[in-house]
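Per-entry structural report
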Amino acid sequence: MALPSITSAYSSNSGLRSLISQFMSIERRPISALNSQKASMNSSLNLYGEIKTRVSSLLTTARSLSDTTSSSVFNARAGSSSDETKITTTANTSASTGTFLVRVKQLATGATVQSTGELTSKSAATSSSKVAPGSGTIDVSKSFANAGFGSTPDGTVTINGQVFTLSDYSTVQTFMDAVNSDVTANANMYYDKTADKFTIEQKSTATDLVISETGTNPFFAQAKITAGTFSGNGSTGIQSGVLLSKANFDTALTSTTSGSLKINGVSLSYNTSTDTLDNVLSRINSSTANVNAFYDSSLDKVIVKSKNTGSTDTVTLADVTGNLLSTLKLSGATPTSGTDALFTINSTASGDQISKSTNSFAINGINYNLKNTNVSSYTDNTYTTVTVKQDTSAVQAKISDFFNQFNSITSYIKDKSSVDITTKTRGPLAGNSTFTSLRTQLFQKFTEQVTGLTGGDPDYLSKIGITLGSGSIAILSDSSKFTDAMASNSKAVENLFNSTNGIAKKIENLLKPYVESSSATRGSIIDETKSVLSSRVTSLDGRIKRMEERMALKERQYSQQLYKMQDLLNSTVLQGNQIASMTNSLASYYG
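Residues numbered from 1 in each chain as written. Predicted model: local features only at pLDDT ≥ 70, side-chain atom pairs only at ≥ 80, totals over all residues. Heavy atoms only, no water.

1. A word on the nonpolar core
- Membership of the largest hydrophobic core comes to 58 residues, with the highest contact counts inside it found for Ile51, Phe402 and Phe497.
- Elements supplying a minimum of two residues to this core: α1 (13-27), α2 (29-66), α7 (392-416), α8 (433-447), α9 (479-498), α10 (503-515) and α11 (525-590).
- Per element, the largest residue contribution to this core is 12 residues, and it comes from α2. (Core = buried A, V, L, I, M, F, W, Y, C linked by side-chain atoms within 4.5 Å. Buried < 20%, exposed > 50% of the residue type's maximum accessible area, 1.4 Å probe, protein only. Helix = DSSP H or I, 4+ residues; strand = E, 2+ residues; numbered from the N terminus.)

2. Quick word on unusual backbone geometry
- The backbone phi angle of Asp196 is positive, close to 55°, even though this residue is not glycine.
- Under the relative-accessibility criterion, Asp196 is labelled buried at 1%.
- You will see that Lys224, though not glycine, has its phi angle at about 60°, which is positive.
- With respect to the helices and strands, the residue Lys224 is situated in the loop between α4 (219-222) and β11 (228-230).

3. Comments concerning the pairing of strand β12 (residues 258-263)
- In terms of strand pairing, β12 meets strand β13 (residues 266-271) through 6 bridges, oriented antiparallel. Each bridged residue has a counterpart across the sheet, and for Lys262 the counterpart in β13 is Ser267.
- Linking β12 to β13, which pair antiparallel, is a turn of 2 residues; within it Asn264 sits at a positive phi near 55°.
- Bridge analysis of β12 against strand β16 (residues 317-321) gives 4 bridges, and the strand direction is antiparallel. In the sheet register, Ile263 faces β16, and the bridge partner there is Leu317. (Pairing = 2+ DSSP bridges.)

4. Considerations on the environment of Thr174
- Mapped onto the elements, Thr174 comes out in helix α3 (residues 172-181).
- Taking C-alpha positions, Thr174 is 38 Å from Asn292, a pair spaced 118 residues apart along the chain.

5. Observations concerning the sheet that holds strand β5 (residues 124-126)
- Judged by pairing direction, the sheet is antiparallel, and its 3 strands sit side by side in the order β5-β9-β8 without closing on themselves. The open sheet terminates on both sides in strands that have one partner only, identified here as β5 and β8 (187-192). Going from strand to strand, the sheet's axes swing by 10° on average, the running direction of each strand aside.
- Along the sheet, α3 makes contact with β8 and β9 (197-202), crossing β8 at roughly 150°. (Axes fitted to C-alpha atoms, helices over the stretch in contact; angles between N-to-C directions. Contact = heavy atoms within 4.5 Å.)

6. Quick notes on a nonpolar patch on the surface
- On the surface, Leu586, Tyr589 and Tyr590 cluster together into a nonpolar patch covering about 440 Å² of accessible area.
- Relative to the helices and strands, Tyr589 resides in helix α11.
- In this structure Tyr589 comes out as exposed when scored by relative accessible area, which is 66%. (Patch = residues over 30% accessible without salt bridge, like charges linked within 9 Å, V, L, I, M, F, W, Y side chains within 5 Å. Areas by Shrake-Rupley, 256 points an atom, 1.4 Å probe, with all protein chains shown as cover. Salt bridge = Lys/Arg side-chain N within 4 Å of Asp/Glu carboxyl O.)

7. Thoughts on the environment of Ser167
- Turning to its location among the elements, Ser167 is positioned in the loop between β7 (162-165) and α3.
- Its relative accessible area of 65% is what places Ser167 among the exposed residues.
- Expressed as a C-alpha distance, the spacing of Ser167 and Thr156, which sit 11 residues apart in the sequence, is 8.4 Å.

Next up, the structure:
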């Protein structure tokens, strides 16, 4: 008869690994317990860190309200002007409250230098109005028929005796190019797309520009230029957007490539073949020369204004290489000196005149910014009123911040020390008298009487409209009472907070031990508590590390023992199989 094979659930490697894992799970239970303790302690560390942050915020605000120095929020000042087009103002804590009548006779200005004459005096003519119909512009790259004129120009034009037939040119631009390159015509013609105007000017100075035309729709008529003889520049000005080498200056540039100049000692370079006048002016304005330079087309002059102000201010200019400043008629130009601001405060006497080199300055804690003059003589019956008052909005904002920080810490402690009766869940601060007592003391300081004040002055916060509302939340419950108190006796409100026994002073003294160390050897209450917890966490880390090392040894021991058992089991199974095989053979043989 056949014998059954001997098998085992642990004859495979996977079975052994599962068995080892079960053993180790039991062995690791003490480590899991330590990790739970560590997690709880780290949670407490985070909790105390949050408490410290909130206490510190309240302490900072309390200190601000208990401050009795000149920088106290109760000394904050608000400045206002009766006419901000003339003067704007602010005030700092050192400013005295009051009303100041300011008469401004002159503003501070910077030095100015400008071209000594027009940059071009060549005879010229320009369109008297926009050329294209409506809001359109002329496209000079197209033919006369398609360029955008009101009617298609035709016929001929004669410029200084040279005749040009319009039908000979495929585009408006090729026509202008032909004029500009013709020696006999001796003229330049160009189109300003921004202004939608054509200009034609003589290339040489001291000669007239003579133009005439023929045709059903003559060109100059369509370009809004009256044919005839022109003397003078016709207010065309310089082409500031074309290359310097091609601009229509009276004085030719000696350099056809690079050049340089100095303004207030600052060197600036230019290239006549790549730069326009607009480029150079922009480069000047963005440099450290501390000036603003611009081209005034109505004057046909370049004007350079200092960014500084004052009677001692000036501007220095010099060509270094090339002659751009000379070409701009700035070389040798005499700067107009700057001026000082001249004004009086609460006076109509010229002998009380005050002089300042800038338009923005401070006098006795009041910051003035002069925007415009308001008198021609100090005896004029005009002035701008500057008023400085206590900044009650800053005081109220600081007190509101005090409420917020007070509510933040008291509500947080309440939440973390609560006990849920239904679930029996205790908050992490439940039973912690250190912080539940802090919350109680905060309410006590907030609501108790302030002693040592002048009789009749408010000695409770409730007397200026500040109370504890629903849920013990500090609020400004009566804003009108607060406003009235600030208006009638702001010093009394200040004393309620920052006197020796003031609310803010008492809360400051209460909170300091919690977040500030009392000596070089001892930290604050919260820091000492965190230090103890941190030491415990470090100790737990050491214990866990040592236990993990023992677990690794234990796991190797289990593995060695069980694998030996597996080998014995495998040998036993093999022997059993061999015996069974022999038994089956004998049975068969004798069967």
